[in-house]
Amino acid sequence: MQLVVARIGRAHGIKGEVTVEVRTDEPELRLAPGAVLATEPSSVGPLAITAGRVHSGRLLLRFEGVADRTAAEALRNTLLIAEVDPEEVPEDPEEFYDHQLMDLDVVTRDGTEVGRISEISHLPYQDLLVVQRPDGSEVLIPFVSEIVPEIDLEEQRAVIDPPPGLLDDSQAEIATGRATTDEDS
């Protein structure tokens, strides 16, 4: 099974290094020197990692055959893809690979059916579960423990505890822009 583990960003310096947007919880395993990764678009790869380091909080990688800034910049926006055994699971029991979450039934704590996970969207600060509802609409569920307290792979379901308004706009709580004071009255 193939998993997207990173997206190449812009070139860094003049010696062929690139920044990468990490999309794996195991960068030390998936993005280590010696790893050979498939790419999307496939015509760019495969790419073999020759060196990696962290600089100012960003992971920088260097690839075999990419020796200058021009070659590095040509890789921008390329996805890096690792081959992973479908039976492999993350070491942390609170982490999941995308393929484990796909097609899970989504229900609320009281058992109300919400839909089925159709996609996982990886954003810079948190992941979102894209849930296809029975009526064909979609709802985005922040993949955080307060909202998704339980993932049961054996039962093939995700249990959610949605805040008001997440599933039904009519239940949304409207926050006001300013506080009232005695002077406003």
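Predicted model, so just to flag it, every value in this text is computed and none were measured.

### Describing the overall build of the chain
- Check the secondary structure of the chain and you find three helices and twelve strands.
- Counting over 185 residues, the chain shows a buried share of 33%.
- Excluding contacts between residues fewer than 6 apart, the proportion of contacts in the chain whose partners are at least 24 apart in sequence is 47%.

### So, the environment of L128
- You can see L128 is positioned in strand β9 (residues 127-132).
- With relative accessibility at 12%, the residue L128 sits in the buried group.
- For the pair L128 and L140, spaced twelve residues apart in sequence, the C-alpha to C-alpha distance is 6.1 Å.

### Section: the sheet that holds strand β7 (residues 105-108)
- Spatially, β10-β9-β8-β7-β12-β11 is the arrangement adopted by the six strands of the open sheet, whose pairing is mixed. Taken across any chain shown, the strands that pair with only one partner, and hence form the sheet edges, are β10 (138-142) and β11 (150-152). For this sheet the average axis-to-axis angle between neighbouring strands, irrespective of direction, equals 35°.
- Bridge count between β9 and β10: five bridges; the pairing is antiparallel. Of the residues in β10, the one forming a bridge with V130 is L140.

Parameters and conventions
Residues numbered from 1 in each chain as written. Predicted model: local features only at pLDDT ≥ 70, side-chain atom pairs only at ≥ 80, totals over all residues. Heavy atoms only, no water. Helix = DSSP H or I, 4+ residues; strand = E, 2+ residues; numbered from the N terminus. Buried < 20%, exposed > 50% of the residue type's maximum accessible area, 1.4 Å probe, protein only. Contact = heavy atoms within 4.5 Å. Pairing = 2+ DSSP bridges. Axes fitted to C-alpha atoms, helices over the stretch in contact; angles between N-to-C directions.

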